[in-house]
Amino acid sequence: MTDTVPQYLSGTHAAMSRDEAMAILDRLVEHLRNGTTDMAPEQMQIPISYYLDRDEWEREIQTVFHRIPLPVCTSAELANVGDYKALRVVGKEIILVRSKDGHMRAMLNVCRHRAMKLLPEGCGNTRHGFVCGYHSWSYDTTGRLTGVPGEDTFGDVPREDYGLVQLACEERAGIVYVCLTPGLEMDIDGWLGPVLPHLEALELDKCTHFVTKELAGPNWKVTLDGYLEGYHFSSLHANTVALTNHSNRMTNDRFGPHARNVFALKALDAMMEKPREEWDPAAAMGLVYWIFPGMAIAGGMRERTVISIMLPGDSWGESMTWQTTLLRTPPQTPEEFEEAAKTAEWFFAAFRDEDYAAQTDVQNGLATNPDGHMIIGRNEIAVQHAHESLRRLMAGEPVHD
Ligand SMILES: [Fe+2]
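Note on numbering: residues in each chain are counted from 1, in written sequence order. With the structure being a predicted model, the display of local features is reserved for residues of pLDDT at least 70 and the display and counting of side-chain atom pairs for 80 or more, all residues being used for whole-chain, interface and lining totals.

What to know about the overall build of the protein chain
Stage number 1. The number of helices and strands found in the protein chain is 13 helices and 20 strands.
Stage number 2. Our radius of gyration is a C-alpha quantity, and the globule rule it is checked against amounts to 2.2 Å times the number of residues to the power 0.38. Relative to the globule expectation of 21 Å for 401 residues, the C-alpha radius of gyration of the protein chain, 22 Å, shows essentially globular dimensions.
Stage number 3. In terms of overall dimensions, the protein chain has a C-alpha envelope of 80 × 55 × 35 Å along the principal axes.
Stage number 4. With C-beta atoms placed from the backbone, a residue is labelled by how many other C-beta atoms lie within 10 Å of its own: buried for 20 or more, exposed for 12 or fewer, partly exposed between the two. In the protein chain, buried positions account for 42% of the 401 residues.
Stage number 5. For the protein chain, the share of sequence-separated contacts (at least 6 apart) that also reach a separation of at least 24 residues comes to 64%. Think of it this way: any DSSP run of H or I at least four residues long counts as a helix, any run of E at least two long counts as a strand, and we number them from the N terminus. For every residue pair, C-beta atoms are placed from the backbone, and the pair is scored as a contact if these atoms sit within 7 Å.

The structure is reproduced here in structure tokens:
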């Protein structure tokens, strides 16, 4: 894998001010010198039943995933008027579409006549809208009912009452958020809170979509834990991530339920011996924003940003991840295209063959020892934080202090 490492770290983007980046670098240098990392005050014990309980899983779906603003897609995937995507999200069939006014809409992908799924999963572009395959009822890109064949025999259908069911949908900083329960309002700015300006600085809304790959995984909480610490790099990722990243050396900053985790890259070892004004933050920081409950934005300081959106699947033991690679500049030559494809494949393969393979083994381990507990280390501070945020949401407590 060594030949693929430099290209995934290529390019620089000022994802934050130099002062802010240098302050993070100072913390990482301190950690490298002292053999430390950002830490929680205590370890945390989690009963394995917390992961295995099917009723609890169902409550999480109802209380969290069907109510909060859920990241579902990048804006760049649906850049043009008429671009649409039909997808299954946490058990709901939805359509995202950029309508004529440029706004993104989300609607249930369900015909109002006999409740058939309107569109197959996938992306496309439409000028006129959508036609149901069952009886050819048609809808425009805003979801308004536009055609009922044989209406003189069917009887009148009031257009205003039989449009596609709308969902609250907002775009912020190049990400599309949807609330999966019809009729619920979405306070996206309140939900993102203080992390929003940091996400805006990534300028993902100016990027070009390169590819989105799908990856099936185990239970969402099992999968989640793997995203949130760098303690496993040297063992699980010895020949991939650990070639460029220090293991167990990270900073963790919190923004309500969201977090910024920065991993120390090995390039920092030589850099920290040079005068501070010569430091190059982008070359030394592995920047990952974590947006609760399932989105990791990695590579925000680079030419290529990889966004993983991980959500529960249809049943307890399943999750689904869409991993999207965005580019700051579209590839101009076959060689540039090839380099971007290598980055996308490198990330995807590391997740599939290392993280998700390990987490599937964790799921099997949990089922084998259901009465035990996990112990989450002080160094696994972001794992602790995610479970605390989930606890608060489930208890109806505020997640922003
Ligand atoms: Fe990993």
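Next comes the rest of the account.
Observations concerning the sheet that holds strand E7 (residues 130-131)
Within a beta sheet, neighbouring strands are joined by backbone hydrogen bonds and run either parallel or antiparallel to one another.
Stage number 1. Taken in spatial order, the three strands line up as E7-E8-E9 in an open sheet, and their pairing is antiparallel. The open sheet has two edge strands with one neighbour each: E7 and strand E9 (145-147). Paired strands, as defined in this entry, are two strands with at least two bridges between them according to DSSP.

Focus: unusual backbone geometry
Stage number 1. With an omega of 5°, the peptide bond running from Phe292 to Pro293 counts as cis.
Stage number 2. You can see Pro293 is positioned in the loop between strand E16 (285-291) and strand E17 (295-298).
Stage number 3. The backbone of Val90 sits at a positive phi, close to 45°, despite the residue not being glycine.
Stage number 4. Considering the arrangement of structural elements, one finds Val90 in the loop between strand E3 (83-89) and strand E4 (92-98).
Stage number 5. Classification of Val90 by C-beta neighbours within 10 Å gives buried; the count is 21.
Stage number 6. Even without glycine at this site, Ser136 takes up a positive phi of about 65°.

Describing the sheet that holds strand E12 (residues 175-178)
Stage number 1. Taken together, three strands build an open sheet; the order of strands is E2-E12-E11 and the sheet is antiparallel. A single partner strand is all that each edge strand has here, and the edge strands are strand E2 (70-74) and strand E11 (169-172). Going from strand to strand, the sheet's axes swing by 30° on average, the running direction of each strand aside. Here an angle of 0 to 180 degrees is reported between the N-to-C directions of two axes, which are lines fitted to C-alpha atoms, with helices fitted over the stretch in contact.

With respect to helix H8 (residues 220-227)
Stage number 1. Burial within H8 is extensive, with eight of its eight residues counted as buried.
Stage number 2. Listed in full, the buried residues belonging to H8 are Trp220, Lys221, Val222, Thr223, Leu224, Asp225, Gly226 and Tyr227.

Thoughts on helix H12 (residues 334-368)
Stage number 1. The end-to-end C-alpha distance of H12 is 49 Å, a good match for the 51 Å that 35 residues give at a rise of 1.5 Å each.
Stage number 2. Take the seven residues that end at a residue and the seven that start at it, fit an axis to each, and the angle between those axes is the bend at that residue. The largest bend along H12 measures about 35° and falls at Phe351. The length a helix should cover is 1.5 Å for every residue beyond the first.

Considerations on the domain arrangement of the protein chain
Bring the parts together and some accessible area is lost; that lost area is often taken as the interface size.
Stage number 1. Along its sequence, the protein chain is organised into domain 1 (2-62 + 193-394) and domain 2 (70-186).
Stage number 2. Domains are outlined according to an automatic or database domain assignment. The distance between the C-alpha centroids of domain 1 and domain 2 comes to 32 Å.
Stage number 3. On the domain 2 side, the residues contacting the 20 residues of domain 1 number 14 residues.
Stage number 4. Secondary structure elements with two or more residues in the side of domain 1 that touches domain 2: helix H7 (196-200), strand E13 (208-217), strand E18 (304-312) and strand E19 (319-327).
Stage number 5. Under the scheme applied, nonpolar residues are Ala, Val, Leu, Ile, Met, Phe, Trp, Tyr, Cys and Pro; charged residues are Asp, Glu, Lys and Arg; polar residues are all the others, including Gly. Within the side of domain 1 that touches domain 2, the residues separate by chemical class into 13 nonpolar, four polar and three charged.

Digging into the nonpolar core
Generally speaking, soluble globular proteins have nonpolar side chains that are buried together.
Stage number 1. By our criterion, buried Ala, Val, Leu, Ile, Met, Phe, Trp, Tyr and Cys residues that link up through C-beta atoms within 7 Å make up a nonpolar core. With 95 residues, the main nonpolar core has Ile94, Leu96, Leu167, Val178 and Trp290 as its most contacted residues.
Stage number 2. Three or more residues apiece are contributed to this core by two domains, here domain 1 (2-62 + 193-394) and domain 2 (70-186).
Stage number 3. Not counting the four nearest positions on each side in its chain, Trp290 is found in contact with Tyr227, Leu228, His258, Ala259, Asn261, Ala296 and Ala382.

As for the environment of Asp280
Stage number 1. Along the chain, Asp280 turns up in the loop between helix H10 (268-271) and helix H11 (281-284).
Stage number 2. In this structure, the C-alpha to C-alpha distance between Asp280 and Ala216, residues 64 residues apart in sequence, is 37 Å.

Quick look at the pairing of E3
Stage number 1. The pairing of E3 with strand E6 (residues 122-125) spans four bridges and is classified as antiparallel. Residue pairing in the sheet places Ala86 in a bridge with Gly122 of E6.
Stage number 2. Bridge count for E3 against E4 is six bridges, and the pairing is antiparallel. Within E4, the residue paired with Ala86 across the bridge is Ile95.

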